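Chain by chain, the residues run as shown.
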Amino acid sequence: RSLPNDLEKYIALNSLHDRNEELFFRVVCDNIDEIQPLIYTPTVGLACQRYGLIFQRPRGMFISANDKGHVAELLGNWPYPARLIVVTDGERILGLGDLGAHGMDIPVGKLSLYSACAGVHPEHCLPIMLDVGTNNQDLLNDRYYIGLRQKRLSGVAYDEFVDEFITAARAAFPGVLIQFEDFANHSAFRLLHKYRDDIPVFNDDIQGTAAVALAGLFSALRVSGGKLADQRVLFLGAGEAATGIADLIVSAMMAEGLSELDAIGRNWLVDSRGLVVKNREGLTEHKKRYAHDHAPVKDFLTAIRTLKPTAIIGVAAVGGAFTPEVLQAMAEINHRPIVFALSNPTSKAECSAEEAYRHTAGRALFACGSPYDPVKFDDKTFVPRQGNNSYIFPGVGLGAIASGSKLVTDEMFMAAAHTLAYLVTQDDIEQGSLYPSLPRIREVSAHIAAAVAEVAYKRGLATAARPNDMMGYIEQQMYDPHY
């Protein structure tokens, strides 16, 4: 706490992790509100940008394109029985873009949260960087860059390399759960669809983000009233996060009785070229589902005034995009506008909590991607909470591992969203919090893990024997660091 800035605190915590893992996790668990923003978002973004300057010792495995043909041999060197792998190729780190091998801190940070938030034993966690080069010229020119100094592998060569890794990982660690993390859109959707029906994989940027956003919508509707099926949602962004959230919202709307066509029609995307509409040329595949018949609209504010959404969700990593005019327009259209500024790190947030409340006269139902302090407005103190994937992915991973699930399905993420929303108390709602407090995260993860495991048993995906007491079984699986 005496250190001068968050990066120095990150380095100190990393050093503690290196020399005394048990104590590190005890500190994290006991001070989760304070420590999570240091070991993960938003500080981890800065740590990735400065990775070559603050590098102390390697954690996890760096597998480079030059290792092609030898990936199985490399994985055989790992001394622990991995049950969970978080892997990235560093091409789209948070909202910061291509950071190449310097993106390794993301898998490391994610797996720290798996252990702290859901009790997945650190020995079962393996962070992996697939170093296929970088197209970031500044990094290629940086004398302290630790990765391959070459342009990114692409096309067939890239797919063959990833496939070799997946095959080798499955052989080295039978039944291992693989989480794809911070891949660029053009790789993320393709890789998820390629493997998801055959082995236990998921993409947290697509599916975890979707579940946490849907849970926030369920909580917001406890205040504003109405059904999810009656909402109209406008996204700023049209990548992994936006389409992943939209897909899960569509499924939830269909569960409330809407047809798939009607549910899709209630979700709209705005990208850098404006409203995503059907007659626009050059639409990428993942955008086509949400490209509706409509005249072109060039900017987000006009899209709000035209479509009159009940909720706006920012996932485009465009800092300040929810301008005062945007927020005021939402407040004019809705008595309780739903405003989710989910991009991170903080520099990429669409608006701050204070801006959301001030420009909607305190009526916004707000969630954020980066942490904000409580906001006092008109004699009321609002406590905004992060719509952070750490509410979802640790519990999903624990549930899949504990049940030995052969796949990770969208139904599991739907169950996770409902469970998270259910755990939001009335006291949380009254202070403007759409998510539970972070100190409850291990409780939240245990409940989500139990719900995910129930889906695995119900659908015949589980390979572990079914326990008589699911919650008791889950809690027995959780690592509890003693010091």
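Residues numbered from 1 in each chain as written. Predicted model: local features only at pLDDT ≥ 70, side-chain atom pairs only at ≥ 80, totals over all residues. Heavy atoms only, no water.

A short note on the layout of surface pockets
Considering only enclosed or pocket space, the largest pocket measures out at about 650 Å³ in volume. What lines the largest pocket is a set of 32 residues, and nearest its centre among them are Arg92, Leu94, Ala241, Val315 and Ser343. Elements represented by at least two residues in the lining of the largest pocket include exactly helix H11 (204-224) and helix H12 (240-255). The greatest single-element share of the lining of the largest pocket, amounting to three residues, is contributed by H11. Along the lines of polarity and charge, the residues of the lining of the largest pocket split into nine nonpolar, 14 polar and nine charged. (1 Å grid on protein atoms, 1.4 Å probe; cavity = no way out; pocket = protein on both sides within 12 Å on 5 of 7 lines; lining within 4 Å. Points joined across faces, edges and corners; volume = space filled by probe spheres on them. Helix = DSSP H or I, 4+ residues; strand = E, 2+ residues; numbered from the N terminus. Nonpolar A, V, L, I, M, F, W, Y, C, P; charged D, E, K, R; others polar.)

Points about helix H21 (residues 441-458)
The end-to-end C-alpha separation of H21 is 25 Å, in line with the 26 Å expected for 18 residues at 1.5 Å each. With respect to burial, H21 is a largely interior element, 13 of its 18 residues being buried. (Expected span 1.5 Å × (residues − 1). Buried < 20%, exposed > 50% of the residue type's maximum accessible area, 1.4 Å probe, protein only.)

Looking at empty space enclosed by the protein
In this structure the tally under the stated criterion is two cavities of 30 Å³ or more. By volume, the largest cavity amounts to about 110 Å³. If you trace the largest cavity, you find it lined by Tyr10, Asn14, Asp18, Tyr51, Ile54, Phe55, Gln56, Arg57, Arg59, Met104, Asp105 and Val108. Counting only elements with at least two residues in the lining of the largest cavity, the list comes to helix H1 (6-19), helix H5 (51-54) and helix H7 (105-118). Looking at the lining of the largest cavity, the element that brings in the most residues is H1, giving three residues. Split by residue class, the lining of the largest cavity holds six nonpolar, two polar and four charged.

Notes on the sheet that holds strand E9 (residues 311-314)
Ordered by their spatial adjacency, six strands build an open sheet running E8-E7-E6-E9-E10-E11, and the pairing between neighbours is mixed. Strand pairing shows two members of the sheet lacking a second neighbour, strand E8 (274-275) and strand E11 (365-368), which therefore form its edges. Note: strand E7 (residues 267-271) against E8, two bridges, orientation antiparallel. Paired with Val270 across the strands is Leu275, a residue of E8. (Pairing = 2+ DSSP bridges.)

Quick look at helix H18 (residues 393-403)
Among the eleven residues of H18, eleven are classified as buried, and the element is accordingly described as predominantly covered. Taken as a whole, H18 has its buried residues at Phe393, Pro394, Gly395, Val396, Gly397, Leu398, Gly399, Ala400, Ile401, Ala402 and Ser403. Just downstream of H18 lies Gly404, where phi reads positive at about 65°.

Some thoughts on the sheet that holds strand E2 (residues 84-88)
Reading across the sheet, the five strands line up as E1-E3-E2-E4-E5 and stay open at both edges, with parallel pairing between neighbours. Of all strands in the sheet, those with a lone pairing partner are strand E1 (61-64) and strand E5 (201-203), marking the two edges. Across this sheet, the average inter-strand angle for adjacent strands is 25°, counted without regard to direction. Here E1 pairs with strand E3 (residues 125-131) via four bridges, running parallel. Its bridge partner lying in E3, Met61 is registered against Ile128. Lying on the sheet, helix H10 (residues 185-195) is in contact with strand E4 (177-180) and E5; it crosses E5 at an angle near 155°. (Axes fitted to C-alpha atoms, helices over the stretch in contact; angles between N-to-C directions. Contact = heavy atoms within 4.5 Å.)

Looking at the packing of aromatic side chains
Any pair of aromatic rings gets described here by the distance separating the centres and the angle formed by the planes. What the rule picks out here adds up to twelve aromatic pairs. Judged by centre distance (5.4 Å) and plane angle (15°), the ring pair of Tyr391 and Tyr435 falls under stacked. Here Tyr391, found in the loop between strand E13 (380-382) and H18, pairs with Tyr435, found in the loop between helix H20 (426-430) and H21; they are 44 residues apart in sequence, far enough to count as distant. Tyr435 matches Tyr391 in its accessibility class, with the two residues each being buried. Each residue in the set Phe24, Phe25 and Tyr479 is aromatic and connected to the rest through ring pairs, giving one cluster. (Phe/Tyr/Trp six-rings, centres within 6.5 Å; stacked < 30°, edge-to-face > 60°.)

Brief notes about the packing of H7 against H18
Orientation of H7 relative to H18, taken along the N-to-C sense of each, is 75°, at an axis distance of 9 Å. Classified by the angle between their axes, H7 and H18 sit roughly perpendicular to one another. When H7 is examined against H18, the residues Lys110, Leu113, Tyr114, Cys117 and Ala118 are found in contact with a partner set consisting of Phe393, Pro394, Gly395, Gly397 and Leu398. Split into classes, the residues belonging to the contact of H7 with H18 amount to seven nonpolar, two polar and one charged. (Parallel < 35°, antiparallel > 145°, perpendicular 65-115°, else oblique.)

A few points about the side chain of His17
As for its placement among the helices and strands, His17 is situated in helix H1. Judged by relative accessible area, which is 7%, His17 ranks as buried. Looking at His17, its side chain comes within polar contact range of the side chain of Glu21, at 3.5 Å. Excluding anything up to four places from it in sequence, His17 contacts Phe24, Phe25, Arg59 and Ser112. (Polar contact = N/O pair within 3.5 Å; in protein donor to acceptor, adjacent residues only side chain to side chain.)

Notes on the environment of Arg466
On the secondary structure map, Arg466 appears in the loop between H21 and helix H22 (470-477). According to the relative accessible area criterion, Arg466 is partly exposed, its value standing at 48%. Between the C-alpha atoms of Arg466 and Glu454, which are twelve residues apart in sequence, the distance is 9.2 Å. Non-local contacts of Arg466, meaning those with residues more than four positions away in its chain, are made with Glu454 and Tyr457. Within the structure, the side chain of Arg466 is placed 2.6 Å from the side chain of Glu454, a separation counted as a polar contact.

Functional significance is not addressed by these values, which are geometric in nature.
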